[in-house]
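Okay, here's what each chain looks like letter by letter:
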Amino acid sequence: MAEKIPAGNLQPEQYRRLKAQLEGFQPCNEQEAADRNRILQALDTREGVFERTDETAHMTASAWVVNPDRTRVLMVYHNIYHSWSWLGGHADGDADLLAVAMREVQEESGVRLLRPVSDEIYSVEVLTVDGHEKRGKYVPSHLHLNVTYLLEADDSQPLFVKEDENSAVAWFELEDALAASAEPWLRDRVYRKLNEKLKQYTSFQTAAQEAGRY
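First, a word on scope: everything that follows refers to the structure included in this document. (Residues numbered from 1 in each chain as written. Predicted model: local features only at pLDDT ≥ 70, side-chain atom pairs only at ≥ 80, totals over all residues. Heavy atoms only, no water.)

A look at the overall build of the protein
Quick note on the threshold: For the purposes of this entry, the term helix denotes a DSSP run of H or I that reaches at least four residues, the term strand denotes a run of E that reaches at least two, and both are numbered from the N terminus. The size measure is the radius of gyration over C-alpha atoms, and the globule rule it meets is 2.2 Å times the number of residues to the 0.38 power. Note on classification: 1.4 Å probe, protein chains only; a residue is buried when its accessible area is under 20% of the maximum for its type, exposed when over 50%, partly exposed between these limits. Any two residues having at least one pair of non-hydrogen atoms within 4.5 Å are treated as being in contact. Using a 1.4 Å probe, accessible areas were evaluated by the Shrake-Rupley method; residue-level cover was limited to the displayed protein chains. The charged-residue count follows a simple rule in which Lys and Arg add positive charge and Asp and Glu add negative charge, with His and chain termini not counted at all. Throughout, a charge is located at the NZ atom of Lys, the CZ atom of Arg, the CG atom of Asp or the CD atom of Glu.
Broken down by element type, the protein carries five helices and 10 strands. The C-alpha radius of gyration of the protein comes to 17 Å, within 12% of the 17 Å expected for a compact globule of 214 residues. Per-residue burial for the protein yields a buried fraction of 48% across its 214 residues. Counted over contacts in the protein with a minimum sequence separation of 6, partners at least 24 positions apart contribute 71%. Entry remark: accessible area of the protein is about 11000 Å², with carbon and sulfur atoms responsible for 50%. Here the protein holds 24 positive side-chain charges and 36 negative ones, and the gap between their average locations is 2 Å.

In structure tokens form, the structure reads like this:
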């Protein structure tokens, strides 16, 4: 059977890598298991899934950006959602979603020095987006088929606001980031999960470093 790649100017190798990472991703709960399957199904069935022209569902990339001590997370105050939120954006034809996530962080926050803690997928989510106006045009309700990456940045870097998308950028202590969110589902089902994963990741990394000393 011939390989099927979604329409657009996708780089086939980047698409294959993303799909392989999704297939190999180990969900931490039912939400991730169900949402990973939904995303994989969309890759197989939706021609324009990497473009916003698919007004029902399309691919996005998000970032959980932490400082080197893993004690703070970077958030923006999002103009559409009226809430402190993680950073990220639309794939817009790019299957290298890690590159998309990093680019969006730089554009939305002004952070220039940024690195992936890992180039593996950190989390997956299918996110509902209510209809809204953007740049004078109505955008109908749709789904974001979202892949999240864990990124690291020095929290002493200058920040700036991208005024067409957000009105503030700031670092929060991990628990304060949850309290700052005005979106209950994201706060309770996504941001809390990302913090729990971070604690587990940090504990594993510390244990590995300790083991390496002996």
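There is more to say after this.
A few points about the environment of Leu151
With respect to the secondary-structure elements, Leu151 resides in strand β9 (residues 142-153). Residue class for Leu151 comes out buried when judged on its relative accessible area of 0%. C-alpha separation for the pair Leu151 and Ala91, spaced 60 residues apart in sequence, amounts to 17 Å. In this view, Leu151 contacts Ala63, Trp64, Val65, Val66, Leu98, Ala101, Met102, Val105, Leu114, Arg115, Pro116 and Val117; residues no more than four positions away in its chain are not counted.

Some details on the pattern of salt bridges
Opposite charge on two side chains lets them pair, provided their charged atoms get close. Spelled out, the test is: Definition used for salt bridges: Asp or Glu carboxyl oxygen within 4 Å of a side-chain nitrogen of Lys or Arg.
Counting across every chain of the model gives 18 salt bridges. Where Lys197 meets Glu32, a salt bridge forms, and the shortest distance between an N and an O atom there is 2.8 Å. Of this pair, Lys197 sits in helix α5 (residues 184-212) while Glu32 sits in helix α2 (residues 30-45), placing them 165 residues apart in sequence. With respect to class, Lys197 is no different from Glu32; both count as buried. A salt bridge links Glu196 to Lys199; the nearest nitrogen and oxygen atoms lie 3.5 Å apart. Of this pair, Glu196 and Lys199 are both found in helix α5, three residues apart, which corresponds to roughly one turn of the helix. For Glu196, a relative accessible area of 38% gives the class partly exposed.

A word on the packing of aromatic side chains
Quick note on the threshold: Any two of the Phe, Tyr and Trp rings considered here, Trp counted by its six-membered ring, make a pair once their centres fall within 6.5 Å; the pair's planes then place it as stacked at under 30 degrees, edge-to-face at over 60, or tilted in between. By definition, being over a ring means that NZ of Lys or CZ of Arg is both within 6 Å of the ring centre and within 35 degrees of the ring normal.
Following the criterion strictly, the structure yields five aromatic pairs and no others. Residue placement shows Lys197 over the ring face of Tyr122; its charged tip is 5.7 Å from the ring centre.

Overview of the environment of Val117
For Val117, the position within the fold is in the loop between β5 (114-116) and β6 (123-129). Distance in space between the C-alpha atoms of Val117 and Val66 is 9.3 Å, their sequence separation being 51 residues. If sequence neighbours within four positions are ignored, Val117 has contacts with Arg70, Leu150, Leu151, Glu152 and Tyr201.

Section: the nonpolar core
Put simply, the test is: We define a nonpolar core as any set of buried Ala, Val, Leu, Ile, Met, Phe, Trp, Tyr and Cys residues linked to one another through side-chain atoms lying within 4.5 Å.
If you look at the biggest cluster of nonpolar residues, it comprises 39 residues, and the most contacted ones within it are Leu22, Phe50, Met59, Val65, Leu97, Tyr149 and Leu151. Counting only elements with at least two residues in this core, the list comes to α1 (12-24), α2, β1 (57-66), β2 (72-78), α3 (97-109), β6, β9 and β10 (166-173). No other element matches the six residues that α3 contributes to this core. If we ignore the near neighbours within four places in the chain, the residues touching Tyr149 are Leu18, Gln21, Ser62, Ala63, Trp64, Leu97, Leu98, Ala101, Asp119, Glu120, Ile121 and Tyr122. Judged by nonpolar contacts, the second largest core, of 19 residues, contains Trp64, Val66, Val73 and Leu150.

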